[in-house]
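An overview of the molecular structure
Each chain is listed here by its residues.
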Amino acid sequence: MRFEILGITKTWFGGAYKTYPEQIQVNKDGKESRVSKLNDGATICHSQPPTSETYYIVEEKFYTQVYARVLVRFIQSSE
């Protein structure tokens, strides 16, 4: 079996596809802080603030950040 690596859902060195303005991080305990963490990886937008995980507020929308994922494609062998 062979695989081709297509990419990763993390960005470094300013290579983000989308950048978010100032974000407010809300920890599980409710503590808030201003951050820029959403600009380095994939995110999920939620209609309501998540109750059991850290989330981010950007322009009155709620986001969570997902773990990095490596994107691969299976290459069909002709053998």
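Quick summary incoming for the structure in this document. Every residue gets a number counted from 1 within its own chain, in the order that chain's sequence is written. Residue-level local features of this predicted model are given only where pLDDT is at least 70; pairs of side-chain atoms are given and counted only at 80 or more, and the full residue set underlies all totals for whole chains, interfaces and linings. With hydrogens and water set aside, each side-chain value is computed from the structure's full complement of heavy atoms.

So, the pairing of strand 5 (residues 55-58)
Here three bridges tie strand 2 (residues 23-26) to strand 5, and the two strands are oriented antiparallel to one another. Residue pairing for strand 5: V26 is matched across the bridge by Y55. In short, DSSP must find at least two bridges between two strands for them to pair. Think of it this way: any DSSP run of H or I at least four residues long counts as a helix, any run of E at least two long counts as a strand, and we number them from the N terminus. In terms of strand pairing, strand 5 meets strand 6 (residues 61-65) through three bridges, oriented antiparallel. Across the sheet, the residue bridging to V58 is K61, located in strand 6. Counting the residues that bridge the hairpin from strand 5 to strand 6 gives two residues, and of these E59 lies at a positive phi of roughly 50°.

As for the sheet that holds strand 4 (residues 43-46)
Across the sheet, which stays open at both edges, the five strands sit in the order 3-2-5-6-4 with antiparallel pairing between neighbours. The sheet terminates laterally at strand 3 (32-35) and strand 4, the two strands that pair on one side only. Pairs of neighbouring strands in the sheet enclose a mean axial angle of 35°, with direction left out of account. Whenever a helix is involved, its axis is fitted only over the stretch in contact; in every case the axis is a line through C-alpha atoms, and angles between N-to-C directions fall within 0 to 180 degrees.

What about the environment of L71?
With respect to the helices and strands, L71 occurs in strand 7 (residues 70-75). For the pair L71 and E4, spaced 67 residues apart in sequence, the C-alpha separation works out to 8.7 Å. We call two residues in contact whenever any of their non-hydrogen atoms come within 4.5 Å of each other. Non-local contacts of L71, meaning those with residues more than four positions away in its chain, are made with E4, I5, L6, G7 and T9.

Remarks on a nonpolar patch on the surface
The grouping of M1, F3, I5, I8, V70, V72 and F74 at the surface amounts to a nonpolar patch, some 790 Å² of accessible area in total. Counting residues per element, the ones that place at least two in the nonpolar patch are strand 1 (2-8) and strand 7. Its place among the elements puts V70 in strand 7. For the exposure calls, accessible area comes from a 1.4 Å probe over protein chains only, and a residue counts as buried if that area is under 20% of its type's maximum, exposed if over 50%, partly exposed in between. Here V70 falls in the exposed class, since its relative accessible area comes to 55%. Each patch is built from residues lacking any salt bridge and having more than 30% relative accessible area; the joining distance is 9 Å for like charges and 5 Å for nonpolar side chains (Val, Leu, Ile, Met, Phe, Trp, Tyr). With residues, only the protein chains shown are counted as cover, and all accessible areas are computed by Shrake-Rupley using a 1.4 Å probe. By convention in these notes, a salt bridge is any Lys or Arg side-chain nitrogen within 4 Å of a carboxyl oxygen on Asp or Glu.

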